[in-house]
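So the chains spell out like this:
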Amino acid sequence: MTGANKRVVDVLGNVYELEKELGCGGQGTVFAVKNGNLAVKILVDRSPARRTHLRQQLTQVRMLFDIKKLAIASPLEMLKPPYVGYVMELLTDMVPISKLINPPKNINCLVEWYLEGGGLRRRLLLLARCAETLAQLHGKGLVYTDPSPNNIFISSDVKNDDIIRFIDADNLQYASSSSSINVYTPGFGAPELVTGKSGANTLTDAHAFAVIAFQTLSLVHPLMGDIVNDGEPELEMQALEGKLPWIDNFDDNQNSTTQGLPRDIVISPNLRILCKSCFEIGLKEPRERPGIAQWAEKLYSAANFTICCPECNSTYYANQKNCPWCHYPRPTFVQVRIQRWEPLQGHFKEKTPLQGLALTSYEPLIVTSRIVNGRTGVDSHNHNIELILEEENIKVRSLNGQCFWLTSEGNPRVEKEVGDRWVRFPVRSENYGSWLLHFGNLDYSHRVATFNLISGENV
Ligand SMILES: [Zn+2]
């Protein structure tokens, strides 16, 4: 079936005219439906047994939970024979995330293509959303079973960085019942799935996601180094079975590669730690692999520490001295450190910040509930506070009707309430000392932000 101008009919008799092919995997193909926010998945296997199995799966998925609250394309109706498949809700103008991983063959410049796809920050934020959705599924005792770049869809608008949908809802399984399921997309199956030692579980989901994240950021498969790409086909199998070191293993570089973007530009230090655990000890010891929730947290944090280049408008990590894409010097920015504050002792609970955010004068910084109180899931994206840098002053206001407090540690100590009107304060001041923005009542333990002005590199 080629899709264009084809029609399929669902069990209720509704007719769907199929348009372009959206994605194709081992199990089937997904087509957009003309005039509607719908897509149709048609399975390769048309046997009556597969139909019965699919019907059971979809009935089960509908009963599982309120699927509409998650970024999963909800299944609607089964198709009538001769096809085996189903109709699902899918926003128009979505493309598989593989579009950010596999550059077309005829491109002149890989970096240009990377930046045209929204660059680093967009990739981090979209991946963070994907990890968040998988974490929500895992939190409900479900396993997705087959995450791959062909069944995660993103908005085709490169300005959008928060719309994602997992298709293939028929893959969802209860963690307890999935142990016998051994479905994976080649390249994304965890070694224990590839070798048949285990069925799908949350840790195999975590491996597949880690590969997708690494590839989306650096444009190279973490296990496919030069000896695999240039060697015998058996080496590829060995790599996917976890028998070779990953490409960035500093202690054993036999499978290293010069392919892909430089890792220090696209993989933050915290993401590097997750990759290392996943692709070193985690290849053989699934339990050592970082869980999906950690990926969500570190991906959001990495995105928050990116700044926008005033010269080329691309985004990069604020720890770089120059824009890695155009080499324009990094502008002045404020490092916003988030820490826990203990009111009784009047000091920080831990010295190491929970997170660092970057604020430049080129764009406002929106502080969400994830940062203010460590929320996860849907509520974590609520906007709480807006910060704007104007030369060496910061303007701050509340965005959610709640009051926050700004205190200075100088002498005399100053305390200002931050409501929906802008409050301005100097990032550094001899009179006031450093400022703290309290995210909670001063009498209770809460998170605070501190501000450190980092001068720009000379132009
Ligand atoms: Zn630049």
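Since this is a predicted model, take the numbers as computed values, not measurements. (Residues numbered from 1 in each chain as written. Predicted model: local features only at pLDDT ≥ 70, side-chain atom pairs only at ≥ 80, totals over all residues.)

1. Thoughts on the overall build of the chain
Our working rule: Secondary structure elements are taken from DSSP: a helix is a run of H or I of four residues or more, a strand is a run of E of two residues or more, and numbering for both begins at the N terminus. Comment: burial labels come from other C-beta atoms within 10 Å of the residue's own C-beta, placed from the backbone, where a count of 20 or more is buried, 12 or fewer is exposed, and between is partly exposed. A pair of residues counts as a contact when their C-beta atoms, built from backbone coordinates, are separated by no more than 7 Å.
Looking only at helices and strands, one finds twelve helices and 24 strands in the chain. If one aligns the C-alpha atoms of the chain with their principal axes, the spans along those axes are about 80 × 50 × 40 Å. The buried share of the chain, taken over its 459 residues, is 41%. Sequence-distant contacts, at least 24 apart, represent 58% of the contacts inside the chain between residues at least 6 apart.

2. Details of helix α3 (residues 119–139)
What counts, and what does not: One fewer than the residue count of a helix, multiplied by 1.5 Å, yields its expected span.
Between its terminal C-alpha atoms α3 stretches 30 Å, which fits the 30 Å expected from 21 residues at 1.5 Å a residue. In terms of burial, α3 is largely enclosed, as 20 of its 21 residues are buried. Trailing α3 by a residue or two, G141 shows a phi angle of about 80°, which is positive.

3. Some points on the nonpolar core
Condition: Put simply, a nonpolar core is a cluster of buried Ala, Val, Leu, Ile, Met, Phe, Trp, Tyr and Cys residues tied together by C-beta atoms within 7 Å.
Within the largest apolar cluster, 118 residues are counted, with the highest numbers of intra-cluster contacts made by A39, A128, A131, F209 and L299. Examining the composition of this core, we find that eleven residues originate from one element, α3, more than from any other.

4. Digging into the domain arrangement of the chain
The following threshold applies: Note that the domain bounds reflect an automated or database-derived domain assignment. Ten residue types, Ala, Val, Leu, Ile, Met, Phe, Trp, Tyr, Cys and Pro, are classed as nonpolar, four, Asp, Glu, Lys and Arg, as charged, and the remainder, Gly among them, as polar.
Per the domain assignment, the segments of the chain are domain 1 (7–87), domain 2 (94–219 + 260–302) and domain 3 (331–454). One C-alpha centre belongs to domain 1, the other to domain 2; they are set 23 Å apart. For the side of domain 1 that touches domain 2, the elements supplying multiple residues, two or more each, are β2 (15–24), β4 (38–43) and α1 (48–64). Per-class residue counts for the side of domain 1 that touches domain 2 are 15 nonpolar, five polar and one charged.

5. A closer look at unusual backbone geometry
A cis geometry characterises the amide bond from P81 onward to P82, with omega recorded as 15°. Among the secondary structure elements, P82 is positioned in the loop between β5 (75–78) and β6 (85–89). At L219, a position not held by glycine, the phi torsion is positive, near 65°. The residue N313 is not glycine, and still its phi comes out positive at about 65°. Among the structural elements, N313 can be located in the loop between β12 (306–308) and β13 (315–317).

6. Describing the pairing of strand β18 (residues 383–390)
So the rule is basically this: Following DSSP output, two strands are said to pair if at least two bridges run between them.
Taken together, the four bridges between strand β17 (residues 365–368) and β18 define a ladder with antiparallel strand orientation. Opposite L365, over in β18, you have L387 as the bridge partner. In this structure, β18 lies alongside strand β19 (residues 393–398), joined through six bridges in antiparallel fashion. Following the sheet pairing, I385 is matched in β19 by S398.

7. A closer look at the environment of T258
The residue T258 is located in the loop between α7 (233–240) and α8 (263–266) in this model. With 9 C-beta atoms packed within 10 Å, T258 lands in the exposed category. Note: C-alpha distance between T258 and V30 (228 residues apart in sequence) is 35 Å.

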